[in-house]
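# A look at the structure
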Amino acid sequence: MSLQTVNDLLKKHKLVEGMLHNQPMPRRKLITALVQKQHMVELRSLLARLTAIEIGQILHALELEDARLVWEQVEENRQDDVLWELSDTLREQLVGDREPHCGVGQMSAFELVEGRLSKVAITCRHDLYEIKPIWIDLLAPTKAQRQLIGQHFGLELPDPLDLTDLEASARFYVEDQHEIHIHSDFLLDREGKSRSVPVAFVLSGDMLFSVRNEELPVFRLQRLRARTQPGFVSDSKDMLLDLYGAEAEYSADALENIYEQLESVSKKVLSQDISDEEAAEILTDIAEEEDLNGRIRRNMLDTQRAVSFLIRRKLLNPTQLEDAQQILRDIESLNSHTAFLFDKINFLMDATVGFININQNKVIKIFSVASVAMLPPTLIASIYGMNFEYMPELKWMLGYPFALGLMTVSVLLPYVYFKRKGWLR
């Protein structure tokens, strides 16, 4: 429908242009320009409502002359997105040697040079021609960047934001061209705000591709180790296993921090006096540590599934297989530690809630004692509030002070009794 609308606008444009061209009238050029401008405004309005993919399909379906006319009406800030949807031939016909801009994301390729990783920044298509990387890392890539890498190496790189399924068939699978796709979650614990960052890995031949939207400490650490330690990695599968191993180390450090935080919280909980405000803050701290502990456990289980998948696919050599099994053993020990921390968190949570209940019971006890102490004076006041004609103290001059004194004594006696019994503590 969009293609038909574009064709209709182009036909009207050509028809009006031809009619006005054959009419000998004054100010013909001005009228022609106004009519053409009206048609182009309609065309620009239509293109603004279409996606880059739809515009690319329309340009491929048009004659070259019409395609050039339509291309001129595409908004400048959308031209790069549209160029990625065009074939190389049509792109050269429309814009010559112009390369579509990739965006603001970082693309890095890593080669093995004398046993160390050497980083090569990728800024355009030409940077890929003379390198033989074992790892290509994309940080916060745009669709254009993913297409640039994918087209050059003949594969399709996914968007990490789409990696939310928990099913194994969606997170670990093999494509028709024997590309291995692994979707994992990596921990990011920064300034007390922890979250899981999805990362897409693709093993294709001797290369590892990683796609993520945030910088992760694990990736920085592995790049540093591989650059400074000769022989730290030998191929792409080594790189992937080392990333998973570093994730286990990073999670272990995070668990140690949780234990330290819980130790600090337990000292407050087990102190003799704790107010409701302090208890509320403690509950907040415990809830944060419980959330982080649960996220670590989930990520470790996810890593365990990924490493087990690599072992089942029989992709690893004997040395790598031993490394993978060691990672699984580390994960098992971490899972046991998270279970211990869950028990400690539940204990501290119950203890804190218990202290809150004790404080509330103290308040209720005070109200109960006060209500019991006020019963005798209430009884006395109700007796002397009766309206009987014949009452002994009715005309007595000291009757009013006597009643007040009697009520005071009836309050003091229960108070002294309760205090001696220790019920007011």
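To be clear, the structure that these remarks concern was listed above.
Residues numbered from 1 in each chain as written. Predicted model: local features only at pLDDT ≥ 70, side-chain atom pairs only at ≥ 80, totals over all residues. Heavy atoms only, no water.

### A word on the nonpolar core
Within the largest apolar cluster, 56 residues are counted, with the highest numbers of intra-cluster contacts made by Trp 135, Ile 182, Phe 201 and Tyr 244. Counting 24 residues, the second largest nonpolar core, distinct from the first, contains Val 6, Met 40, Leu 62 and Leu 90. (Core = buried A, V, L, I, M, F, W, Y, C linked by side-chain atoms within 4.5 Å. Buried < 20%, exposed > 50% of the residue type's maximum accessible area, 1.4 Å probe, protein only.)

### With respect to unusual backbone geometry
Its identity as a non-glycine residue notwithstanding, Glu 114 has a phi of 55°, on the positive side. Its relative accessible area of 70% is what places Glu 114 among the exposed residues. Backbone geometry places Ala 140, a non-glycine residue, at a positive phi of 50°. Relative to the helices and strands, Ala 140 resides in the loop between β3 (135-139) and α7 (143-153). Since its relative accessible area comes to 34%, Ala 140 is described here as partly exposed. (Helix = DSSP H or I, 4+ residues; strand = E, 2+ residues; numbered from the N terminus.)

### Some words on the packing of helix α4 (residues 64-71) against helix α6 (residues 88-95)
Two elements in contact, α4 and α6, have axes whose closest approach is 10 Å; the angle formed by their N-to-C orientations is 65°. In terms of orientation, α4 lies roughly perpendicular with respect to α6. Note on packing geometry: the crossing formed by α4 with α6 is right-handed. Contacts from Leu 64, Ala 67, Arg 68 and Trp 71 of α4 reach α6 at Leu 90, Gln 93, Leu 94 and Val 95. Looking at the contact of α4 with α6 residue by residue, the class counts come to six nonpolar, one polar and one charged. (Axes fitted to C-alpha atoms, helices over the stretch in contact; angles between N-to-C directions. Parallel < 35°, antiparallel > 145°, perpendicular 65-115°, else oblique. Left-handed = near helix turned anticlockwise from the far one by under 90°. Contact = heavy atoms within 4.5 Å. Nonpolar A, V, L, I, M, F, W, Y, C, P; charged D, E, K, R; others polar.)

### A word on the pairing of strand β7 (residues 207-212)
In terms of residue burial, β7 counts as a mostly covered element, since six of its six residues are buried. Covered by surrounding structure in β7 are Met 207, Phe 209 and Val 211 together with Leu 208, Ser 210 and Arg 212, the residues of both alternating faces. Relative to β7, β3 runs parallel, the two being bridged by five bridges. Looking at β7, one finds that Leu 138 is bridged to Val 211. The pairing of strand β6 (residues 193-204) with β7 spans six bridges and is antiparallel. Bridge pairing in β7 links Val 199 to Arg 212. Between β6 and β7, which pair antiparallel and follow one another directly, the connecting turn spans two residues, one of which, Gly 205, has a positive phi of 65°. (Pairing = 2+ DSSP bridges.)

### A few points about helix α12 (residues 318-373)
The terminal C-alpha atoms of α12 lie 83 Å apart, and with 56 residues this matches the ideal 82 Å at 1.5 Å per residue to within 8%. For α12, the capping residue at the N-terminal end is Asn 317, with a side-chain oxygen 3.1 Å from the backbone nitrogen of Thr 319. (Expected span 1.5 Å × (residues − 1). Polar contact = N/O pair within 3.5 Å; in protein donor to acceptor, adjacent residues only side chain to side chain.)

### Points about the sheet that holds β7
Read across the sheet, seven strands follow the order β2-β1-β3-β7-β6-β5-β4 without closing on themselves; strand pairing throughout is mixed. Looking at strand neighbours, the two that pair on one side only are β2 (116-121) and β4 (172-174), the edges of this open sheet. Averaged over all neighbouring strand pairs, the angle between strand axes comes to 25°, with direction disregarded. Relative to β6, strand β5 (residues 180-190) is paired through eleven bridges, and the arrangement is antiparallel. Residue pairing in the sheet places His 181 in a bridge with Val 202 of β6. Across the sheet, helix α10 (residues 236-269) touches β2, β3, β5, β6 and β7, and the angle it forms with β5 is around 30°.

### What about the side chain of Ser 251?
Checked against the element boundaries, Ser 251 lands in helix α10. By relative accessible area, which is 0% here, Ser 251 ends up buried. Beyond its immediate stretch of four places on either side in the chain, Ser 251 contacts Leu 187, Ile 296, Met 300 and Leu 334.

### Overview of the environment of Ile 134
One can find Ile 134 in the loop between β2 and β3. Overall, Ile 134 belongs to the buried group, its relative accessible area being 10%. In sequence terms Ile 134 and Ser 234 are 100 residues apart; their C-alpha atoms lie 9.0 Å from each other. Every residue in contact with Ile 134, bar those within four places of it in the chain, is listed here: Phe 110, Leu 112, Leu 117, Asp 206, Met 207, Leu 208, Val 233, Asp 235 and Ser 236.

### So, a nonpolar patch on the surface
On the surface, Leu 379, Ile 383, Tyr 384, Met 386, Phe 388, Trp 396, Met 397, Leu 398, Phe 402 and Leu 406 cluster together into a nonpolar patch covering about 1000 Å² of accessible area. Counting residues per element, the ones that place at least two in the nonpolar patch are α13 (375-383) and α14 (399-421). (Patch = residues over 30% accessible without salt bridge, like charges linked within 9 Å, V, L, I, M, F, W, Y side chains within 5 Å. Areas by Shrake-Rupley, 256 points an atom, 1.4 Å probe, with all protein chains shown as cover. Salt bridge = Lys/Arg side-chain N within 4 Å of Asp/Glu carboxyl O.)

### Brief notes about the packing of aromatic side chains
Per the counting criterion, the structure on display carries eleven aromatic pairs. With a centroid separation of 5.9 Å and 65° between ring planes, the pair formed by Phe 186 and Phe 201 is classed as edge-to-face. In this pair, Phe 186 sits in strand β5 while Phe 201 sits in strand β6, placing the two residues 15 residues apart along the sequence. A relative accessible area of 1% places Phe 186 in the buried class. Grouping aromatic residues by their ring pairs yields a cluster made of Phe 110, Trp 135, Phe 186, Phe 201, Phe 219 and Tyr 244. Above the plane of the ring of Phe 219 lies Arg 212, whose end atom (NZ or CZ) is 4.1 Å from the centre. (Phe/Tyr/Trp six-rings, centres within 6.5 Å; stacked < 30°, edge-to-face > 60°. Lys NZ or Arg CZ within 6 Å of the ring centre and 35° of its normal.)

### Focus on the pairing of strand β1 (residues 106-113)
With five bridges joining them, β1 and β3 adopt antiparallel strand pairing. Bridge pairing in β3 places Phe 110 opposite Trp 135. With six bridges joining them, β1 and β2 adopt antiparallel strand pairing. Residue pairing in the sheet places Leu 112 in a bridge with Leu 117 of β2. Linking β1 back to β2 in an antiparallel pair, the connection comprises two residues, with Glu 114 at a positive phi of about 55°.

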